Amino acid sequence: MPGDRGLIYLLKRAEMAVRRPFIDAVASHGLNYAQYTALTVLTRLPGLTSSDLARRSFVRPQSMAETLTPLIDAGLARRDRNPDHGRQILLSITPAGIEKIDAMAESVRTIEDAMLGDFDDDEVALFASFLRRARRNLAESEIENPNAPPERS
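Definitions and limits used
Residues numbered from 1 in each chain as written. Predicted model: local features only at pLDDT ≥ 70, side-chain atom pairs only at ≥ 80, totals over all residues. Heavy atoms only, no water. Helix = DSSP H or I, 4+ residues; strand = E, 2+ residues; numbered from the N terminus. Buried < 20%, exposed > 50% of the residue type's maximum accessible area, 1.4 Å probe, protein only. Contact = heavy atoms within 4.5 Å. Areas by Shrake-Rupley, 256 points an atom, 1.4 Å probe, with all protein chains shown as cover. Lys, Arg positive; Asp, Glu negative; His and termini not counted. Charge placed at Lys NZ, Arg CZ, Asp CG, Glu CD. Phe/Tyr/Trp six-rings, centres within 6.5 Å; stacked < 30°, edge-to-face > 60°. Lys NZ or Arg CZ within 6 Å of the ring centre and 35° of its normal. Expected span 1.5 Å × (residues − 1). Bend = angle between axes of the 7 residues up to and from the residue.

A. Looking closely at the overall build of the protein. Each helix and strand counted, the protein has six helices and two strands in total. Summarising its shape, the C-alpha atoms of the protein cover approximately 55 × 40 × 25 Å along the three principal directions. The proportion of buried residues among the 153 residues of the protein is 25%. By sequence separation, contacts in the protein at least 24 residues apart represent 48% of the contacts at least 6 residues apart. Accessible surface, the protein as shown: approximately 10,900 Å² in total, 55% of it carbon and sulfur. Computed over 20 positive and 22 negative side-chain charges, the separation of the two mean positions in the protein equals 7 Å.

Quick look at the structure:
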């Protein structure tokens, strides 16, 4: 096909190859993919609203309640009222949530190491840089969602 480099297909193949071992790894710690993602997002960006967390966790806002309720019930995340906006609820990870993420770090690193195989440290850094740039380029284009808020790094 003219103009098709096959990169989207390759990205999807890589995502599919990592998906099953990743799902199994987080399930062995009592979480699902969406819950793990939500906790890692809250580790980097505490104080998000539910809709912001949903966007950054790759789920619809309606699905975020189903993702959050077990995390809050288990004491891994919490809801707090925004002191500057009394009706707004902000989400944060708890110390127990951080411990849970830390407990999974070795399993996740093992999957990443397998994926990166024979990459050297410079290639890993370059690969990560390319992925971030590709994501940023899409976010800045009209192709993604022109109404989405800018990413916070």
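B. Representation of the packing of aromatic side chains. Scanning all chains against the criterion turns up three aromatic pairs. Considering the side-chain rings of Phe22 and Tyr33, the 5.3 Å spacing of their centres and the 80° angle between planes classify their relative orientation as edge-to-face. On the criterion of sequence distance, the pair formed by Phe22 in helix H1 (residues 7-27) and Tyr33 in helix H2 (residues 33-44) is long-range, its members being eleven residues apart. A relative accessible area of 30% places Tyr33 in the partly exposed class. On the basis of an interplanar angle of 80° and a centroid distance of 5.6 Å, the ring pair of Phe119 and Phe127 is categorised as edge-to-face. Connected via pairs of aromatic rings, a cluster forms that spans Phe22, Tyr33 and Tyr36. Here Arg19 stacks its cationic end above the ring of Tyr33, 5.0 Å away from the centre of that ring.

C. Structural detail: H1. Here H1 spans 30 Å end to end across 21 residues, near enough to the 30 Å set by a 1.5 Å rise per residue. Residue Arg19 marks the point of greatest curvature in H1, where the axis turns by about 35°; the proline Pro21 follows within four residues. Along H1, the positions that sit buried rather than exposed are Phe22, Ala25 and Val26. Of the surrounding secondary structure, the elements contacted by the buried residues of H1 are H2 and helix H5 (95-116).

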